[in-house]
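Coordinate inspection notes
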Amino acid sequence: MGLSPRTLVPVAAACIAALAAISCGEATEDVLAVEVGHGADATFDAGGSDASDRSDLSEPSDVGLDDAGENDAGSPFADAAAADAPAADDASGLTDVSDASDWPDAGIPDASRPDTGPDDAGPADAGQADTFCRSWNDCAGDKVCDFSLGRCEQRDVKPADAPAIYNFKPPAGGAKDVLVIDGGRFYKSLLGMFQVKAKIGSVSKSTAGVDENRILVHVAAGDTGVVSITAEGGQTVAGNKFVPAPDGIIPCDGKTPEASGSPGLSLSDSGPYAAGYVDDPLANIRIHYPSECGSLRRPPVKGTWPLVTLLHGNGAGYLNYEYLGQFLATWGFVTVMPEEAEESGNVKLQQFVLGFFDKDLGAIAPVLSGLKTMDKIAHVGHSRGTGRLEDITHTGVFSTNTVASVFLGPVDNGMEVPSGMFMVFHATGDGQSTEGKADETFNRQLPPKWKVVINGGNHSLYSDHKVWLGPLSDELPTITRTQQFRIVTSFVLPLFERAFGVTEHFPSQLDNPPQSAEYSVKMQK
């Protein structure tokens, strides 16, 4: 995430230490049971390397090169449902393989999935086709689908030549909301980040995080006007106008995707719900949840839902995993993305997550009244976030009620989680997490477990908008950000559905992963 002045020195030291600590891989014993495919981080303490080899860099980078919206003949994503589906038992054409009563009734009539297009979404006019993106396949090139707003958004793959604002969200908000501004090259150096300023209209705003190309801004009541950024060097760039939104629940207005009531037909598609979210800027957290329509503070679909935590890495802002929170929300999961960077123990993080566990979330935000969470939990950690994940799962209810854990590019050695299903991802161009670390965590876990190797991906493509900063931090990927997002969500979704014991829409993705040039899979059942 963006760095504060008091963390600059330790972060620079950590980066230098990390560069010296990167290994070129580790030999591990192969415990392969089945193999398919064609495989070849509120405050932030960067820390340095320690005995556990927590040598995370400042998580530079995302790079996409090819069109993300196209699948080749070897890709399973476009028609996974057709290959997966047994005999249908309802109008959706999907067979329930677990107790469907575990899922709340959306109260939304089934509808055929609308047509989607690759362009940025605008208001849905009566009688017009739905133009919102609802699939990873709907956005091409360096754009990715924002499932909450239903629009394709630009994401740089390496530092831009000049500062720019690409987009911001939400387009309207109020006190206690967080504005996410995406753009190009706000600064080039660690010192340069302290020169970056943000305004809404003529009002200078405090920031919750400044990154090379993503800035988080705290919104105040009545804020309105053109959003602008003054980048390193003093150049000011402007975006569109931000306008106030009412407090409390914001009714659906046709300007964002509405819940379809029907599951997507492939692993690339959104689920039957929309992706709503709410912020708590005092705690620096965002909550994504199943909603009647997408975006900020939308009406929730009331009921009891599975709970997932998304834990950031060092150097990656806590709001750098929206792609995963949004996608899971459309499929009926509540996700929490907290900012927390304790390096050991993580007592605060444990207590914080307990506040969301087996609760009516209306006690946290009135907008979420009637939205409840299960007495089970799953976790996703990226980079150093995997170490925090490991810490919290060894204490209290999380040691027994964690049903699944996902490691994205782990950078620590000796990690294992005490309960639940397990999945670890490695990208072949990851310059911060060797395949040896992925193998070690895989080998330590009890079955069922999966290891997914993403061919051509890298460490920073696991996040929303980090950019590639050069060969000392990562390798230049040969796939797009969307492709890496798509591979991650295509395995995480079926894993979580099975772990929570809810309806499994794509069970064969775990049981018999289709062969693909994009990834390879090891698994033990």
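Quick note: structure is the one above.
A brief structural summary. (Residues numbered from 1 in each chain as written. Predicted model: local features only at pLDDT ≥ 70, side-chain atom pairs only at ≥ 80, totals over all residues. Heavy atoms only, no water.)

The omega torsion across Lys169 and Pro170 is 0°, close enough to zero to call that bond cis. Take Pro170: it is sitting in the loop between strand S4 (164-169) and strand S5 (172-173). A cis amide bond links Pro447 to the next residue, Pro448, at an omega of 0°. Positionally, Pro448 belongs in the loop between helix H7 (435-444) and strand S21 (449-454). Non-glycine residue Arg185 carries a positive phi angle of around 45°. Mapped onto the elements of the fold, Arg185 is located in the loop between strand S6 (178-184) and strand S7 (197-200). Despite not being glycine, Arg297 has its phi angle at roughly 50°, a positive value. (Helix = DSSP H or I, 4+ residues; strand = E, 2+ residues; numbered from the N terminus.)

Relative to the 28 Å expected for 20 residues at 1.5 Å per residue, helix H8 (residues 481-500) spans 28 Å between its end C-alpha atoms, a close match to the ideal helical length. Just beyond H8, the residue with positive phi is Gly501, at close to 70°. (Expected span 1.5 Å × (residues − 1).)

A word on the packing of aromatic side chains. Where two aromatic rings form a pair, the distance of their centres and the angle of their planes describe that pair. Applying the stated criterion to the full structure yields 13 aromatic pairs. A ring pair is formed by Phe491 and Tyr519, whose centres lie 5.1 Å apart and whose planes are at 90°; its orientation type is edge-to-face. Here Phe491, found in helix H8, pairs with Tyr519, found in strand S22 (residues 519-524); they are 28 residues apart in sequence, far enough to count as distant. Exposure remark for Phe491: the relative accessible area of 0% places this residue in the buried category. Residue Tyr519 is classed as buried on the basis of its relative accessible area of 0%. Here the aromatic residues Trp136, Phe147, Tyr323, Phe327 and Phe485 are joined through ring pairs into a cluster of three or more. Over the face of the ring belonging to Phe442 we find Lys449, whose NZ or CZ atom lies 4.7 Å from the ring centre. (Phe/Tyr/Trp six-rings, centres within 6.5 Å; stacked < 30°, edge-to-face > 60°. Buried < 20%, exposed > 50% of the residue type's maximum accessible area, 1.4 Å probe, protein only. Lys NZ or Arg CZ within 6 Å of the ring centre and 35° of its normal.)

With that settled, the discussion passes to the sheet that holds S7. One open sheet holds the five strands; their spatial order is S5-S12-S11-S7-S8, and the pairing between them is mixed. Edge positions in the sheet fall to S5 and strand S8 (203-205), since each has one partner strand and no second. When S7 meets S8, the two strands line up antiparallel, connected through three bridges. Each bridged residue has a counterpart across the sheet, and for Ala198 the counterpart in S8 is Lys205. (Pairing = 2+ DSSP bridges.)

Direction vectors running N to C along helix H3 (residues 322-330) and H8 enclose 45°, while the axes themselves pass 11 Å from each other. With respect to each other, H3 and H8 are oriented oblique. Remark: the crossing between H3 and H8 carries right-handed chirality. Contacts between H3 and H8 involve Tyr323, Leu324, Phe327 and Leu328 from the first element and Phe485, Val488, Thr489, Val492, Leu493 and Phe496 from the second. Considering only residue class, the contact of H3 with H8 consists of nine nonpolar, one polar and no charged. (Axes fitted to C-alpha atoms, helices over the stretch in contact; angles between N-to-C directions. Parallel < 35°, antiparallel > 145°, perpendicular 65-115°, else oblique. Left-handed = near helix turned anticlockwise from the far one by under 90°. Contact = heavy atoms within 4.5 Å. Nonpolar A, V, L, I, M, F, W, Y, C, P; charged D, E, K, R; others polar.)

Inspection of the secondary structure assignment puts Ala175 in the loop between S5 and S6. For Ala175, a relative accessible area of 37% gives the class partly exposed. Placed 48 residues apart in sequence, Ala175 and Asp223 show a C-alpha to C-alpha distance of 8.4 Å. Those residues in contact with Ala175 that lie beyond four places of it in its chain are Val219, Ala220 and Ala221.

Tracing the sequence through the fold places Lys449 in strand S21. A residue is classified by how much of its surface remains accessible, and Lys449, at 3% relative accessible area, is buried. Here Phe442 takes part through its backbone oxygen, which lies 2.8 Å from a polar atom of the side chain of Lys449. Polar contacts involving the side chain of Lys449 include one to the main-chain carbonyl oxygen of Gln445, which spans 2.7 Å. (Polar contact = N/O pair within 3.5 Å; in protein donor to acceptor, adjacent residues only side chain to side chain.)

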